Each structure stands twice: as C-alpha cells, then as structure tokens.
Amino acid sequence: MATFCHHPTPLSFRTPIVGAKKSSRNDAAFEEKKSVFVDYDKGIHEVSTSINGFGKAEIPKRHRLRHESDRFQKDWSVSQVVEKVLKLGHWDDIDGLLNRWLGRFARKNFPVLIREITQKGSIEHSIRVFNWMKQQKNYCARTDIYNMMIRLHARHNRTDQARGLFFEMQEWRCKPNVETYNSLINAHGRAGQWRWAMNILEDMLRSAIAPSRSTYNNLINACGSTGNWREALNVSKKMTENGVGPDLVTHNIILSAYKTGTQYSKALSYFELMKGTGIRPDTTTYNIVIYCSVKLGQYGKAIDIFNSMREKRSECRPDVVTFTSIIHLYSVSGQIENCKAVFHTMLAEGLKPNIVSYNALIGAYASHGMSEEALSVFNEIKQNGMRPDVVSYTSLLNAYGRSQQPAKAREAFIMMRKNKLKPNIVSYNALIDAYGSKGLLAEAVEVLREMERYGIKPNIVSICTLLAACGRCCQKVNIEAVLYAAEMRGIELNTIAYNSAIGSYINIGEYDKAISLYRLMRKKRVKSDSVTYTVLISGCCKMSKYTEALEFFADMMDLRIPLTKEVYSSVICAYGKQGQLKEAESVFNMMKMEGCCPDVITYTAMLHAYNAAGDWIKAYTILQEMEANNVEPDAMACSVLMRAFNKGGEPSKVLVMAEFLREKNIPFSDAILYEMVSACSLLRDWRTITDLIKIMEPSFPVFSIGLLNQLLRFLGKSGKIESMIKLFYKIVESGAEINFNTYSVLLKNLLAVGNWRKYIEVLQWMEDAGIKPSNGMYRDIISFAQRSAGVQYAAVIREKVGGFTIELHDECHKLLWNAITWQYSDSSHLRKAVGFAF
C-alpha cells in the first residue's frame, strides 16, 4: 500500500502533463472569440473577432508588481490595442499608447499583435507598431513576424521595402523559410518584376530550402501577371519535374497568364486539357474561360458556361465577376436589354454588385448613347453608398458624347474634379469626342490644350478623335492643323490615325488629299488594314471613281488583307456601274465562299448590277435568296428591283412587289412610289394611281418634286386633265416646292388636249411665281395656233401671248404670221390679218 502511494511518477509521463497545462493556458489566451451585433430595426448585423492575449495575470511578476499601482498602465486585450492604434493617425503618438499597455511585457503577445494589425491592411500603422516592438527589451526577432510584414508590403506593392525586411531579418539572425521566400516572390510578382522573382527562387535553392507548391504558384503568377505566358509554362514544367504536382490554383494561374498575354485560344485549349486531368474547375476557372470566350466572339459558348454554373446541382456558383463578364458580353454584342436583365438577376441571387459591375452597365449604355439610362445607374452607385471612380465618370462622359450632349459631358467632367478625382487621358479623350460629335472643333481643341496644362500628354487616341471631329465638321484646314499638331508633339501616326485622317478627307470630298496621305502611310511603312481600304474603296464609290476603287481592291487582294462586307458591297457596286456584270457576280460568289454572309447592302449592290444589265430575272432571284437567308429587304433594295421590273417590261410585277412591301411593313420611299407610278402609267391603271394619290396627299411636302411631277405626268397622259389640275392645286396648297419641270408637265399635257386657254393661264402662273417660261413654251402655243386653232382663236392667242413680258423671236413672229394668214385667202382679209399680227 505504501509502496503504491509513494511510487514515483516516471518523467516521461510527468512532462506532457505540465506541457499540456501551459498549452491549454496559451490556447485560452490566444483563442479567437466571435461576437455578433444585430440591430433588427436598422437591418444591420456585424460579426467581430477578439483575442485577449496575455494580460496582467500572465506577465512576469516583477513587471506586474512594478506597474500594478500605476493608473496609466492599462490591462488591454490585443484586439483592444489594435482598435485603439487604428483610431489614431499614423503620425500620432502610437508609441505612447503602446507604452501604456501592460501586455507589452509578455513576449508572446508580439506575433499576435503584428498578425492582427497587418490583417487590417494599414501599412503605416503596422510599420509604427513593428518599429516600437523592436525597441522593447523583451523583444525577440522571429521569422513569422518578418513574414507577416513582408506579406503586408507585398499587398501594398512596396517591393523595395519587402526586400529590405528580407535582409534585415538575416541581420537579426532570423533564418528565412519557405513562407519568407514565397512572400518575397509574391511581392515581386505583384510589381511585375518576374526576373527578380526567378532570381529569388535560385537563392532559395542555393539555401537548400525546397520550394513548395505555393512557391511555384507565386512564381508562375509573377510571370503570368506581366503576360509572359511562355515563362509561366516553363516554370510549370520545372514544377512537375521537381516532383511538385500542379493543383487547381496552378491551372488557374496559367489560364490567367494566357488571358493577360491575350492568348485566348490557347487558354481555351488549356482548359480542355485541364478537364482531361480530372481536376474540377472552380468559379475562378470558369470566369477566365468566359472572359476569353467573349474576347474570341464565342458568345454562345460563354452563355452556355454561365447557364451551367447557375444550375441547381452546379458546384461552381457564379459570382460578381461572372455576372460582370456576362454584362460585358451582352454589351459588346449590342443586347443592351439583356445587360440590365443580368444585372437584376445578380441582385436577385443575393450578390452585391461592386463598382466594376456598375461601370460595366454604364459602359453598355454609353456604347449606345443611352445617356439617361447611364446617368440613372451612375446615381444608383451613390445611392448604394459607393463612390463612383474615374471609370464611372469616363463612361458617363462617353454616354453624353455618343448622344451628342457636350454641355452635359462638361458638367460630368467638372463634377469629377469636384469629387477629388483626377481625370486621366481616357477621360479627356471622351470629352474631346463629346465636343467633336457635335462639330464643336474649337472646344475640342481647347480640351487638348487643357489636358496639356494639367500635365497629361495627348496620345494617338486624342489625335484620332480630333481627326474624326474634323471630318464631321468638313474643314480641310483643321485636318491639316491636327496633323501638324501631332507632328510637333512627336506623336507618330499609327494605322488608326491614318485611317481617321483619310476618312475625314474622304468625307469632305478631298480625294487627292486622301490619296496623298495614303501614299505617305505606305512610304512610312505603316501597315494598312482592312479599315484603310474600306474607307478608300467606299469613298471612291461615293465619288463615282469606280476605276480607282477597283485598283484599291486589287491592291487589297495582293496584300491578302481580309475583305469586309462593306468592301464587297462597294466592289460589286463599282463593277455594276462599269457594266462588268460577270466580275460583280464573281466577287459576290467569292464573298459567300469565304463564309462572309452578304447583308442587305451587298444584295442591293447586286440588284443594282442586274438592273444596269437589264436582267430582271436574276434580280428577282436575288430577292428570293435574301428571303432564304433571312435577310430582310429594305426600301432601297425593293425600289431597285421595281426599277428592274419596269425596265424589263414587267410593270405588273411592280404592283405585286408593292403588296409584298405591305406584308413586310416596309415603308414606301420616294423611289418605290416613283416606280409604282411608272408601272401604273405603263398599265393604264387609273384606280391604283388614285389610291396612291389619296395615301400620299397628307404628306405632299415630304415627297420629292420629281415624284409629284411623275404623278402629274401620268394624269396628263391618261387624259385626266381636270384631275391633273386639281392635283396641282393640292400640291401648291400643301406648300411643296414647285419647279420649272412641274409647269412644263402641265403645259405639255394641256396642249396635247388642245386646252390653249388653260395653257396661257399656266404661263401666267409661271410669271407670277417668278419662273420665266422658255421660248419653246411660246413656240409650242404658237405652233398650236397655226395647226389647230382657227383665225379667230389665233388672233386671241396672239393677243394673250403678246401681253407677256417677253420678246418673241423672229421664228415665233413667223409662226404667228403663218397661223393668221393661212386662214385668209383674199387681200381684204389679208390686211385684217396683218392688223392682228402687227
């Protein structure tokens, strides 16, 4: 019994028990305690974490006894100390505050204090606390403390300071470990210094420290963040060779490297290989794939991935980044309504939009000039307690620029400055474009000078924007002034700038200037692209320089530059105007073989070509092809086909086409109505023309005078003289402009039915309207008097015609003499005739 009671406990059993007590005491001191605050009235809930650390009871007895009676010494917890430090400015007496804390005498509080304050992200406060800590007598340098400080400097892109801490920790005899090197590589990766990061890995290997998976991931990210995707792949291979297998983070970093290096196709291929390895993608993976798919124009694929992420059984739910990418997708594809729908879906799924999401939605509205909607979203940002950034204001500027509201754009620009945001060069360029869109070139140039006064140098985008404004203003001198300003500032024109300048010259009809600039572009070896030739070819066609347009087309083919739809349309038009139908058909077929689907403009160009060749059958085939390819014909295409029908002697088909237009709700243009009137004239279809006149009557001032003259001509040829005159009265009452040809149509038809009285009355109307009748009109009435009027009426006609303020030519006198003398045979009556004539 005694032996049992006094049996000594072995040391191997006794030691763990003591250690367990110390460990449990440490765990209790540094255990994180969560507290929740809920305000149901305001709908606020907050979750906070606190750590006590070693307090008054745990510090050494000598320090406790010395400061126990000091009322300035406070027994704060670690979390309380962090809170009080952060309330002070980094320039305030942080050291004095920390010297009042009793916990400073417990060395184990220091790592927890640094961890807590660095997690808050305030680098200035963390540096002050760290410097104070190093001055304490009981401080002992530790690797984990330096690692936390290096990571903090990495987050704030302070690479030099992070490297300085790395050397400092070695002076304090702290040996760097894997986490140290990882933090340092991460710091250089954030700064884009991937070569430094590679050197750090080599130092790590020389120090016999085995890299971890995080090391390689940080290094791959350092290479990939700068777009060096090849280096990122090399590091990935080394990683595998060294026996460290890639994980999901590694694959995401490589995908991001492809994305940053604009290797979107390679990213999608890598994603397919990644799925073959059995690694399950996460939301980040899908976000990168969606982004790359949008950049490649594979919108359907991106939408399919997005929909699969939203399925109920999906392991990867879409986040704010996913929804933002889809908003951008619908923006670039022109589906603005879907942008707003996706944004509302994001809200409905409980996700809080960030400033990037709002900016994407504003940018979508801005791209279509929807300034009111963009402003509404902009105001919504402020209502939700967020602060618009420079991108928000710049997108709003773009919205006002696209909607041609430069005054409001200037207001938004001033508001950006009032809110202490510094406009960048994109903001200034947006303001320049806003003034240029309205033709206010002087104001646009003043913005250029303003940005220079604020120390922002104009770039090539600024020059391109000004050149586009010059083209809208149709001012040749200003185009040359902008080009000179670019030269004086040392801004080398790129392809886009040359295209803008050439397009501006084309817009104002300066063909020679545009060609000179194109030759200068070739001389300076600036690469021409499809836009260059599109501008030149379409410009030549607009100026009826079809031969030159075909020469540029030949150059484009020789340089193997991809052809655009506008080029195809212009070239087909040029061949059609030149009467080269086979060549036009060849280009049209080549377009379809290249996979470029013809649009309504291209089809219209082919219709023009067939119309010029008088082949209405092939023209009608083109219309059928349009319907088969779901290309809706417009008014221009239909009018060309109608002209081909009239020209080919098929006027009845014109009226059939008119019924087709009514079914498709295609509005009747002047050209369509003109062809319908011509068809009715050929068919003698009085009823249809009457219906047309009733439809057109309310809009007479809108129609061209050529169309109205055609209506008058048809009525006259049909013998409906009274209807013709009534229509003329209605045209005059409507305020439509009457010209010489209108009166000519009336006179010819009046004379054809022998209504010489009305003829002379119309001549009087012409003089009253300030339109001088031609001598031919007088000759016509005098010839009529000679042919058809009797002696008595010939004398009346002479009397009426003589009353006009016009000198008749000798030929008119002769005709009038013959008209009168022809009716008299004897001498007595001849003298009477002479009296009438003279």
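Preceding block: the structure.
Colleague: I'd like a description of the overall build of the protein, backed by residues and values.
Modeller: Scanning the protein from terminus to terminus reveals 47 helices and two strands. Relative to its 838 residues, the protein shows a buried fraction of 47%. Within the protein, contacts between residues at least 6 apart in sequence are counted, and of these 61% link residues at least 24 apart. In the form shown here, the protein has an accessible surface area of approximately 43,800 Å², with 51% of it arising from carbon and sulfur atoms.

Colleague: Hey, could you go over the environment of Asn147 for me, with residue numbers and the actual values?
Modeller: Within the fold, Asn147 resides in helix α8 (residues 143–155). What Asn147 contacts, discounting residues up to four positions off in sequence, is Met169, Asn177, Glu179, Thr180 and Ser183.

Colleague: Could you give an account of the pattern of salt bridges, with specific residues and numbers?
Modeller: Throughout the structure, instances matching the rule amount to 22 salt bridges. A salt bridge links Arg128 to Asp95, with the shortest nitrogen-to-oxygen separation between them at 3.9 Å. Taken together, the positions of Arg128 in helix α7 (residues 123–134) and Asp95 in helix α5 (residues 94–98) put the pair 33 residues apart, joining distant regions of the chain. When the shortest N-O distance is used, the salt bridge between Glu675 and Arg643 registers 3.5 Å. Within this pair, whereas Glu675 is found in helix α38 (residues 670–683), its partner Arg643 is found in helix α36 (residues 635–647), the two being separated by 32 residues in sequence. Judged by relative accessible area, which is 29%, Arg643 ranks as partly exposed.

Colleague: Can you break down helix α41 (residues 721–734) residue by residue, with the values?
Modeller: Counted at 1.5 Å a residue, the expected span for α41 with its 14 residues is 20 Å, and the 20 Å between its end C-alpha atoms agrees. Within the sequence span of α41, burial applies to Ile721, Met724, Ile725, Leu727, Phe728 and Ile731. On an axial view of α41, the arc spanned by its buried residues comes to 160°, and they lie on one face. Exposed and facing more than 90 degrees away from the buried side of α41 are Glu722, Lys726 and Glu733.

Colleague: Talk me through the packing of aromatic side chains; I want residue IDs and the actual numbers.
Modeller: The final tally for this structure, using the stated rule, is 23 aromatic pairs. Ring centres 5.6 Å apart and planes at 65° place the aromatic pair Phe166 and Phe167 in the edge-to-face group. Owing to a relative accessible area of 48%, Phe167 belongs among the partly exposed residues under this scheme. When the ring of Tyr258 is compared with that of Tyr270, the centres are 6.0 Å apart and the planes differ by 55°; the resulting orientation is tilted. Of this pair, Tyr258 sits in helix α14 (residues 248–260) while Tyr270 sits in helix α15 (residues 264–276), placing them twelve residues apart in sequence. The rings of Phe110, Trp132, Tyr139 and Trp172 are connected pair by pair, giving a single aromatic cluster. Here the basic side chain of Arg163 rests over the ring of Trp196, its NZ or CZ set 4.1 Å away from the ring centre.

Colleague: Account for a positive patch on the surface, with residues named and values stated.
Modeller: On the surface, a cluster of positive charge is contributed by Arg71, Lys74, Lys84 and Arg100. With respect to the helices and strands, the residue Lys84 is situated in helix α4 (residues 78–87).

Colleague: Outline helix α31 (residues 546–558), listing residues and values.
Modeller: Taking 1.5 Å of rise per residue, the 13 residues of α31 would be expected to cover 18 Å, and the 19 Å separating its terminal C-alpha atoms lies within 8% of that figure. Those residues of α31 that sit buried are Tyr546, Ala549, Leu550, Phe552, Phe553 and Met556. Within α31, the buried residues cover an arc of 160° as seen down the axis, which keeps them to one side. Buried residues in α31 make contact with α29 (511–523), α30 (530–542), α32 (565–577) and α33 (581–593).

Colleague: Which residues make up the environment of Arg387, and what are the values?
Modeller: As for its position among the elements, Arg387 is in the loop between α21 (371–383) and α22 (390–402). The spatial distance from the C-alpha of Arg387 to the C-alpha of Asn419 is 9.4 Å, given a sequence separation of 32 residues. Residues within four places of Arg387 in sequence aside, it is in contact with Ile355, Ile381, Asn419, Lys420 and Leu421. Side-chain polar atoms of Arg387 contact the backbone oxygen of Asn419, separated by 2.4 Å.

Rules and cut-offs
- Residues numbered from 1 in each chain as written.
- Predicted model: local features only at pLDDT ≥ 70, side-chain atom pairs only at ≥ 80, totals over all residues.
- Heavy atoms only, no water.
- Helix = DSSP H or I, 4+ residues; strand = E, 2+ residues; numbered from the N terminus.
- Buried < 20%, exposed > 50% of the residue type's maximum accessible area, 1.4 Å probe, protein only.
- Contact = heavy atoms within 4.5 Å.
- Areas by Shrake-Rupley, 256 points an atom, 1.4 Å probe, with all protein chains shown as cover.
- Salt bridge = Lys/Arg side-chain N within 4 Å of Asp/Glu carboxyl O.
- Expected span 1.5 Å × (residues − 1).
- Arc of directions from axis to C-beta.
- Phe/Tyr/Trp six-rings, centres within 6.5 Å; stacked < 30°, edge-to-face > 60°.
- Lys NZ or Arg CZ within 6 Å of the ring centre and 35° of its normal.
- Patch = residues over 30% accessible without salt bridge, like charges linked within 9 Å, V, L, I, M, F, W, Y side chains within 5 Å.
- Lys, Arg positive; Asp, Glu negative; His and termini not counted.
- Charge placed at Lys NZ, Arg CZ, Asp CG, Glu CD.
- Polar contact = N/O pair within 3.5 Å; in protein donor to acceptor, adjacent residues only side chain to side chain.

Keep in mind that these numbers describe shape and distance, not what the molecule does.
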